[in-house]
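Notes for the structure review
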Amino acid sequence: MSKCFSFTESKNWCYRSSFTKSGLRSTITDLKDGTVMHCWVPKTHKESEPEPEPKPNLLLIHGLGANALWQWADVIRHVTPYFNVYVPDLVFFGDSFTTRPERSELFQAQCVMRVMEANSVRKLSLVGLSYGGFVGYSMAAQFKEAVERVVLCCAGVCMEEKDLRNGVFRVSDLEEAVRILVPQTPEKLKELMGYTLFRPHPFGFMPSCLLMDFIDAMCAEYVEEKRDLIRAIPKDRKLENLPKISQPTLIIWGDHDQIFPLELGHRLKTHLGDNAQLVVIKDVGHAFSVEKPKEFYKHLKSFLVDLQFPPSPTSPPPKDQNKKTS
C-alpha cells in the first residue's frame, strides 16, 4: 500500500510557503560543469534600486540533516527586513547535486559563490550552521573581497584528524559517526537527536513510522555522497594548514555540544585572535538554533545589524514582513 500522507512533506510545504511570504523565490542555477544548485533568492533584489541605503546581502548556509528550509525557517522572517537574503541548498541536499567527484568544503564553497555571482551578488555577509560553517569559512578564505562578515555556528573548522584518535569527540570512529550523521533507521535518527540536543525533545518520542517518514523525505537521497562529505572533513586536516580569515567573525557555540565540543570553539577563537568573538549559549547542545532560537537571533542581530547599521534617531525600524497589523 502506497503512502498517501507525509508529515515531513506537509511541513516542507509550510516552510516553502513561509519563505515565499518572506519575499523569497526558488531558483535553479546550472553551473554547466555537471553541478546544479538550488537557492532561495529575493523576489526583488534591492541593491540596484535608487534607495538612500540599499539593503546588504546575507547568505545563510545550512548544515547536515534536513534541507535549507527546515534549518532556516525560524530565522528567515527576522532577517529579510534588513537584508537581501540568499539560502542555497548545498550540493547533495534539497535540489542541488553534482556529477563531479569533489566532496570537500572548498568545492561546496566554490559552488555557492558561483550561485551568488549568477545572482549579481558582489558583497555579502554569511551565517554557517555546523557543516555550513565549514563551507562559509572556506568562502571567507577564498573570496576575501566578497565576504564582509562571518558568523560560524558550532562549526568545528579547527578540528584536526588526530582529534578522532585523541578522544576529543564522543564518537571517535569515523564510520560510526557517518552512520549517525546520515541516519537510515529510526534508531540512528534518535541517536542523532540525542547527540544534537541538550534537553529531551519530542522528536525522540515519535513513533518509528514518523521518524521513517522524515528519513525518506530528507535522508534517503545521495546517502553515500553525503557520507563522503563527512569523510572528507577530517582527512589530513591540521590546524596549521587552516588559513586565518580576516573578516570580523562571530563564533556561536552551545555549552553542551556533543557533535563539535566547545573546546573547538575556544580553539577557533585563539586561532583567529582579536578578529573574532566567541559567544557561548548556556544549557543547549549542537542545535542551539532549535533549543534557544530567540537567543540565537539576538546574537545574529547584534553582530550583523546593530554593529553595522546603528539606527538613526529619526529612522523607524524595518517592518517585519510576517507581522500582522491591526
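Just so it is clear, the model here is predicted, and its values are computed rather than measured.

**What to know about the overall build of the chain**
In terms of helices and strands, the chain carries 11 helices and 9 strands. Within the chain, buried positions represent 50% of all 326 residues. For the chain, contacts bridging at least 24 residues in sequence account for 74% of all contacts bridging at least 6. Looking at the chain as shown, the accessible area adds up to about 15600 Å², and 54% of this sits on carbon and sulfur atoms.

**Some remarks on the packing of aromatic side chains**
What the rule picks out here adds up to 8 aromatic pairs. Note on Phe288 and Phe296: the rings are 5.4 Å apart at their centroids and 70° apart in plane angle, and the pair reads as edge-to-face. One exposure class covers both Phe288 and Phe296, and it is buried. Site record: aromatic cluster; members linked through ring pairs are Tyr131, Phe134, Phe169 and Phe260. Looking at Arg149, its charged tip hangs above the ring of Phe303, at a distance of 4.2 Å from the centre.

**A short note on the side chain of Glu291**
Of note, Glu291 is situated in helix α10 (residues 288–291). As a buried residue without a salt bridge, Glu291 has its nearest oppositely charged side chain in Arg199, at a separation of 4.4 Å. At 3.0 Å, the side chain of Glu291 and the backbone nitrogen of Phe198 are in polar contact. Engagement of the side chain of Glu291 in a polar contact is seen with the backbone nitrogen of Gly285, the distance being 2.7 Å. Look past the residues within four positions of Glu291 in its chain and what remains in contact with it is Thr196, Leu197, Phe198, Arg199, Val284 and Gly285.

**What about empty space enclosed by the protein?**
Taken as a whole and judged by the stated rule, the model has 2 cavities of 30 Å³ or more. One number sums up the size of the largest cavity: a volume of about 50 Å³. Split into classes, the residues belonging to the lining of the largest cavity amount to 7 nonpolar, 1 polar and 1 charged. Considered as a void within the structure, the second largest cavity measures approximately 30 Å³ in volume. Taken together, Val79, Phe83, Tyr297, Leu300, Lys301, Leu304 and Val305 make up the lining of the second largest cavity. Examining the composition of the lining of the second largest cavity, we find that 5 residues originate from one element, helix α11 (residues 293–306), more than from any other. Looking at the lining of the second largest cavity, its residues break down into 6 nonpolar, no polar and 1 charged.

**Let's talk about the environment of Gly285**
Within the secondary structure, Gly285 is located in the loop between β9 (276–281) and α10. Taking the C-alpha atoms as reference points, Gly285 and Gly254, separated by 31 residues in sequence, lie 5.1 Å from one another. Sequence-distant contacts of Gly285, that is, excluding residues within four places in its chain, are made with Thr196, Phe198, Gly254, His256, Asp257 and Glu291.

Parameters and conventions
Residues numbered from 1 in each chain as written. Predicted model: local features only at pLDDT ≥ 70, side-chain atom pairs only at ≥ 80, totals over all residues. Heavy atoms only, no water. Helix = DSSP H or I, 4+ residues; strand = E, 2+ residues; numbered from the N terminus. Buried < 20%, exposed > 50% of the residue type's maximum accessible area, 1.4 Å probe, protein only. Contact = heavy atoms within 4.5 Å. Areas by Shrake-Rupley, 256 points an atom, 1.4 Å probe, with all protein chains shown as cover. Phe/Tyr/Trp six-rings, centres within 6.5 Å; stacked < 30°, edge-to-face > 60°. Lys NZ or Arg CZ within 6 Å of the ring centre and 35° of its normal. Lys, Arg positive; Asp, Glu negative; His and termini not counted. Salt bridge = Lys/Arg side-chain N within 4 Å of Asp/Glu carboxyl O. Polar contact = N/O pair within 3.5 Å; in protein donor to acceptor, adjacent residues only side chain to side chain. 1 Å grid on protein atoms, 1.4 Å probe; cavity = no way out; pocket = protein on both sides within 12 Å on 5 of 7 lines; lining within 4 Å. Points joined across faces, edges and corners; volume = space filled by probe spheres on them. Nonpolar A, V, L, I, M, F, W, Y, C, P; charged D, E, K, R; others polar.

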